[in-house]
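Tertiary structure, described
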Amino acid sequence: MSKQFKVAVVGATGAVGEVMLSILAERDFPASEVVALASERSAGSRVAFGNGEIVVQDLATFDPAGIDIALFSAGGSTSREYAPKFAAAGAVVIDNSSAFRYDDDVPLVVSEVNPGQVANRPRGIIANPNCSTMQMLVALKPLHDAAGIQRINVATYQSVSGGGRSALEELGRQTGALLNFQDPDPQRFPVQIAFNLIPHIDDFLDNGYTKEEMKLVWETRKILGDESIQVNPTAVRVPVFFGHSEAVNIETRDKLTAAQARELLERAPGVEVVDERGPGGYPTPVTHASGTDPVYVGRIREDLSHPRGLNLWIVSDNIRKGAALNAVQIAELVASEG
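We now turn to the structure provided with this report.

Cut-offs and rules
Residues numbered from 1 in each chain as written. Predicted model: local features only at pLDDT ≥ 70, side-chain atom pairs only at ≥ 80, totals over all residues. Heavy atoms only, no water. Axes fitted to C-alpha atoms, helices over the stretch in contact; angles between N-to-C directions. Helix = DSSP H or I, 4+ residues; strand = E, 2+ residues; numbered from the N terminus. Parallel < 35°, antiparallel > 145°, perpendicular 65-115°, else oblique. Left-handed = near helix turned anticlockwise from the far one by under 90°. Contact = heavy atoms within 4.5 Å. Salt bridge = Lys/Arg side-chain N within 4 Å of Asp/Glu carboxyl O. Buried < 20%, exposed > 50% of the residue type's maximum accessible area, 1.4 Å probe, protein only. Core = buried A, V, L, I, M, F, W, Y, C linked by side-chain atoms within 4.5 Å. Polar contact = N/O pair within 3.5 Å; in protein donor to acceptor, adjacent residues only side chain to side chain. Expected span 1.5 Å × (residues − 1).

1. Overview of the packing of helix α3 (residues 131–147) against helix α6 (residues 258–267)
Angle between the axes and distance between the axes are the two parameters that describe a pair of packed helices. Axis separation between α3 and α6 bottoms out at 9 Å; the angle between their running directions is 120°. Taken together, the axes of α3 and α6 lie oblique to each other. Here α3 and α6 pass one another in a crossing that is right-handed. Packed against α3, whose contacting residues are A139, P142, L143 and A146, the element α6 presents A261, L264 and L265 at the interface.

Pasting the structure below:
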């Protein structure tokens, strides 16, 4: 009998936590027991797992002794307080927040890109990257290996689910209000999100970029292990419920044709190429990404303005591959160590 693991999901009642539980069941993760943890407010409620339900326990009073793997998706402050406690009790912590991503002694892992880093976890903590970085690097890794990416220009079109349940509710509420000629009343976002675009995700920094944009810079360099890669990001929130999209332009050391790039991407793990040059021959959040696991790539074409430039359109479900799925895939890598 293969080894079984006692797994905890912290933040089990949140949008990502619920999907983590779903994916653990879908992929038949070798769990002897799955424990759902959340705040005191949610304790006693039930969450779906497989064909049944499990009772949510209070994180603050839970004893982590005996937990083998803990998946955290409850925000940075919760991770900073509780992840070290779980690690000290012997668990491998896989954290979805930004709390530890930039620590030198915490690996930042995308399962298809740098799986070998999973073993390099002196603190017992592995960080899950930001959703936008994650999908971009699943697509760019095979191109980087083949031709050496020197510069990335990226504009993201990020769905509201990246902002959690309250953001999903706000888009739904505002859409209904506006269709009924009522005031949209922004609360979760600084301005109306329904039928609008907001070029602002996370806090503004002194350099004029937002923290979300700088995550693409910092995380790309750390995951690919190359501080020389230049990244020029713009992050935009769009009125889509699930699925992030990215318009990406890369400049490579060696020339890659569109045909060569397409061939590399068709062989890449976790990637599905959707690149027909006709109506509907490209991936979108609604038609492809939402509720599915792959990173979809389309609109592959050479840059008319640069001799070694390529353009790509990258789409993925930010809650699945962008968060929950990658966390479970990391857990599978840990489990495979025996």
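Next comes the rest of the account.
2. Notes on the pattern of salt bridges
Tallied over the full model, the rule gives 19 salt bridges. Residue D254 is joined to R253 by a salt bridge in which the shortest nitrogen-to-oxygen separation is 3.2 Å. Owing to a relative accessible area of 47%, R253 belongs among the partly exposed residues under this scheme. A salt bridge links D293 to R320, with the nearest nitrogen and oxygen atoms 2.7 Å apart.

3. Points about the nonpolar core
Counting residues in each nonpolar core, the largest one holds 56 residues, and the members touching the most others are F86, L140, L143 and I152. Examining the composition of this core, we find that 8 residues originate from one element, α3, more than from any other. Other than its neighbours up to four places away in sequence, F86 contacts A8, V10, L37, L59, F62, P64, I67, A70, F72, A91 and V93. Of all hydrophobic cores here, the second largest spans 34 residues; its members include L24, I54, V56 and L325.

4. Things to note about the side chain of S161
Looking at the element boundaries, S161 is found in the loop between β8 (149–158) and α4 (165–179). Among the polar contacts listed, one links the side chain of S161 to the side chain of S159, at a separation of 3.0 Å. A distance of 2.9 Å separates the side chain of S161 from the backbone oxygen of F241, its partner in a polar contact. Those residues in contact with S161 that sit more than four places away from it in its chain are L168, F241, F242, G243, N318 and I319.

5. Examining unusual backbone geometry
Phi is positive for D28, close to 50°, though the residue is something other than glycine. Following the sequence through the fold, D28 ends up in the loop between α1 (15–26) and β2 (31–38). On the basis of relative accessibility, which here comes to 64%, the residue D28 falls in the exposed class.

6. Description of helix α5 (residues 211–224)
Helix length check: α5 (14 residues) gives 20 Å between terminal C-alpha atoms against 20 Å at 1.5 Å per residue, within 8%. On its buried face, α5 is in contact with α3, β8 and β9 (230–237). In the segment just after α5, G225 is the residue with positive phi, at about 65°.

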